[in-house]
Amino acid sequence: MNFHTGRSQDPEKLEPTRICVIGAGYVGLTAAACFSELGHEVRCVEVDAARLAALSRGEIPIYEPGLDELVTRHASTGRLSFTDDMASAMDDVAVAMLCVGTPPRSDGEPDLRQLARAAATAATAATRDVALVVKSTVPPGTCEALELFVGGQARDGVRVRVVSNPEFLREGRAVWDFFNPDRVVVGADETDLARVVAGLYPPSWPLVECSRRSAELVKYASNTFLAVKISFANEVAALCEALGAETDKVLGGVGLDARIGGAFLNPGPGFGGSCLPKDLSGFIAVAESAGRPAEVARAAQRANDMALASLAGKIESALGTLEGRTIAVLGLAFKAGTDDTRFSPAVALVRELLLRGAHVRAHDPIARVSEAGLSQVADPYEAVHGADALVVATGWAEYRDLEPARLRHSMSGHVIMDAVGVLAMEPLRDAGFDVYGIGRGLATSFAPVLWRPLEWMLDAGQPSGVQNP
Ligand SMILES: NC(=O)c1ccc[n+]([C@@H]2O[C@H](COP(=O)([O-])OP(=O)(O)OC[C@H]3O[C@@H](n4cnc5c(N)ncnc54)[C@H](O)[C@@H]3O)[C@@H](O)[C@H]2O)c1
């Protein structure tokens, strides 16, 4: 059993296929290395010169556990290669996977220009009939539109068809997720094409075969649901604070219901990263353009927008003011296990604290951020030195081991805000800290909890028209 793939070293035997993977980011590089591991010959095209140079030197430009081992192994045998030359990469290739970015535009709709450019270049370079497999996350209808867009660009006699095969991997666990998928979704409007793409994966993996727009919507709807779950968890946590209920127990109890499940039910600074916010706004835009306003998704988005301001407000009220205060922020990545800081709530919090006049000193074990006014240090104890408050903004496991006495000795203030729920509160309180969390640690008034039910009970004295047995 391999630790990162969760699979035996001898994967199921597949018909080896030559694949061109376009884009060597979190999705493309993982797919390229993992398809090589499955026995396919993979040529990976990357336009970013620095990224390509790193790969050519045998360096992995992103942090993803287990990926370096796979890339090194298959690059050394030549089963996996990297280039910026689409023509050589597409030569005699029947399957090309588009793994380029689809970032949000300022209006929240997805920017599909990288995808259109990559697809057009690949279609032009194709030397035989080819399936362009869209792994990037795109709105429903994109694959059909892309086929029309690139149709006329291929050389005579070459047919280009487009298939949807959305990617569900989670950063920080990408290799494991590739080899242990909850489902492989293949959206194709022709059965022969669906077979070709499904045949790249082991037959024992769970497969959903459907139309292209259904496959695209599986991905959008899944991420939207996850976003809704996170916003709902934060709403319950806020209610727990107001009512004096125990957030961990409440959300833990809710999550034990098999119909609900405990994943993504943790309160925190809101969702971020390169996927959930963008896919949620993409889902809303698509729903609106289809004349079906996505009210639930919109509410989740509004709640998420409020989460950050509410967190900054709590830190501010715990300190009285943020003006001139020094805050140590531990964690900058959008979640633990990755170096990715795109749309990171931790970085957004840093910006908000700076905006409100604080000095911010940050630490992250892996992620690096260049932000005016932010100083980033290599050790968490260096970050807290002389700080008025400590905020844990990314749930790295190593922050659990911070020693309360050492923190107390280093910091000048006594406020700790654990926005991600990784710290044990009692030892910190025993060391003299005021410790806050999301859904935890606030003084509460029990009056509203008691008065309303009591009023309702007192109504029992009034005639209700309902006879007691
Ligand atoms: N990151 C995730 O966790 C994740 C998970 C599932 C799906 N997705 C989706 O997958 C897509 C890619 O995401 P990512 O995080 O890997 O993005 P990324 O930005 O890390 O990687 C994209 C790569 O494509 C390269 N590229 C762009 N145009 C190119 C071209 N014409 N030719 C060759 N290379 C080109 C870029 O230089 C970059 O290296 C997005 O649509 C995203 O929503 C991401």
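Whatever comes next refers back to the structure up there.
Heads up: these notes are all about the structure in this document. (Residues numbered from 1 in each chain as written. Predicted model: local features only at pLDDT ≥ 70, side-chain atom pairs only at ≥ 80, totals over all residues. Heavy atoms only, no water.)

### Considering the state of the cysteines
Then, number 1: By the definition in use, this model includes zero disulfides.
Then, number 2: Among the cysteines around C44, which has no disulfide bond, C99 carries the closest sulfur, lying 7.6 Å off.
Then, number 3: Its relative accessible area of 0% is what places C44 among the buried residues. (Disulfide = S-S within 2.5 Å. Buried < 20%, exposed > 50% of the residue type's maximum accessible area, 1.4 Å probe, protein only.)

### Quick notes on the sheet that holds strand β11 (residues 374–376)
Then, number 1: Taken together, six strands build an open sheet; the order of strands is β11-β10-β9-β12-β13-β14 and the sheet is parallel. The open sheet has two edge strands with one neighbour each: β11 and β14 (434–437). Going across the sheet, the axis of each strand differs from the next one's by a mean of 20°, ignoring polarity.
Then, number 2: Pairing of strand β10 (residues 359–363) with β11 involves three bridges; the strand directions are parallel. Note on β11: the bridge partner recorded for A362 is Q376.
Then, number 3: Helix-sheet contacts for helix α12 (residues 295–319) involve β9 (326–330), β12 (389–392), β13 (415–418) and β14, and the interaxial angle to β13 is about 165°. (Pairing = 2+ DSSP bridges. Helix = DSSP H or I, 4+ residues; strand = E, 2+ residues; numbered from the N terminus. Axes fitted to C-alpha atoms, helices over the stretch in contact; angles between N-to-C directions. Contact = heavy atoms within 4.5 Å.)

### Comments concerning a nonpolar patch on the surface
Then, number 1: A cluster of nonpolar side chains, L450, W451, L454, M457 and L458, forms an exposed patch at the surface whose accessible area comes to about 570 Å².
Then, number 2: Looking at the secondary structure, you find L458 in helix α17 (residues 447–458).
Then, number 3: Using a relative accessible area of 62% as the deciding quantity, one classes L458 as exposed. (Patch = residues over 30% accessible without salt bridge, like charges linked within 9 Å, V, L, I, M, F, W, Y side chains within 5 Å. Areas by Shrake-Rupley, 256 points an atom, 1.4 Å probe, with all protein chains shown as cover. Salt bridge = Lys/Arg side-chain N within 4 Å of Asp/Glu carboxyl O.)

### Observations regarding unusual backbone geometry
Glycine aside, negative phi is the norm for most residues, and most peptide bonds take the trans geometry.
Then, number 1: Positive phi, normally seen in glycine, also occurs at F264, with a value near 65°.
Then, number 2: In this fold, F264 is placed in the loop between α10 (247–255) and α11 (276–289).
Then, number 3: With phi around 50°, F343 is a residue other than glycine that occupies positive phi space.
Then, number 4: Mapped onto the elements, F343 comes out in the loop between β9 and α13 (345–355).

### Overview of the nonpolar core
Then, number 1: With 41 residues, the main nonpolar core has F35 and M97 as its most contacted residues.
Then, number 2: By residue number, the principal contributor to this core is helix α1 (residues 26–37), which donates seven residues. (Core = buried A, V, L, I, M, F, W, Y, C linked by side-chain atoms within 4.5 Å.)

### A look at the pairing of β10
The two faces of a sheet get side chains in turn, since along a regular strand they alternate between them.
Then, number 1: As defined by bridge partners, β9 adjoins β10 across five bridges and the pair is classed as parallel. Bridging from a neighbouring strand, L330 pairs with H363 of β10.
Then, number 2: Once the chain exits β9 it traverses α13 before rejoining the sheet at β10, and the crossover so formed is right-handed. (Right-handed = clockwise from strand over helix to strand, strands pointing away.)

### Considering helix α6 (residues 142–151)
Then, number 1: When α6 is considered as a whole, its buried residues turn out to be T142, C143, L146 and V150. Here the buried residues of α6 occupy an arc of 90° about the axis, which is enough to place them on one side.
Then, number 2: Its buried side turned inward, α6 meets β4 (95–98), α5 (113–125), β5 (130–134), β6 (160–164) and α9 (212–243). (Arc of directions from axis to C-beta.)

### So, the side chain of T142
Then, number 1: When you line up the elements, T142 lands in helix α6.
Then, number 2: Accessibility expressed as a relative area gives 8% for T142, which makes it buried.
Then, number 3: When near neighbours in sequence (up to four residues on either side) are disregarded, T142 contacts L112, L115 and E216.

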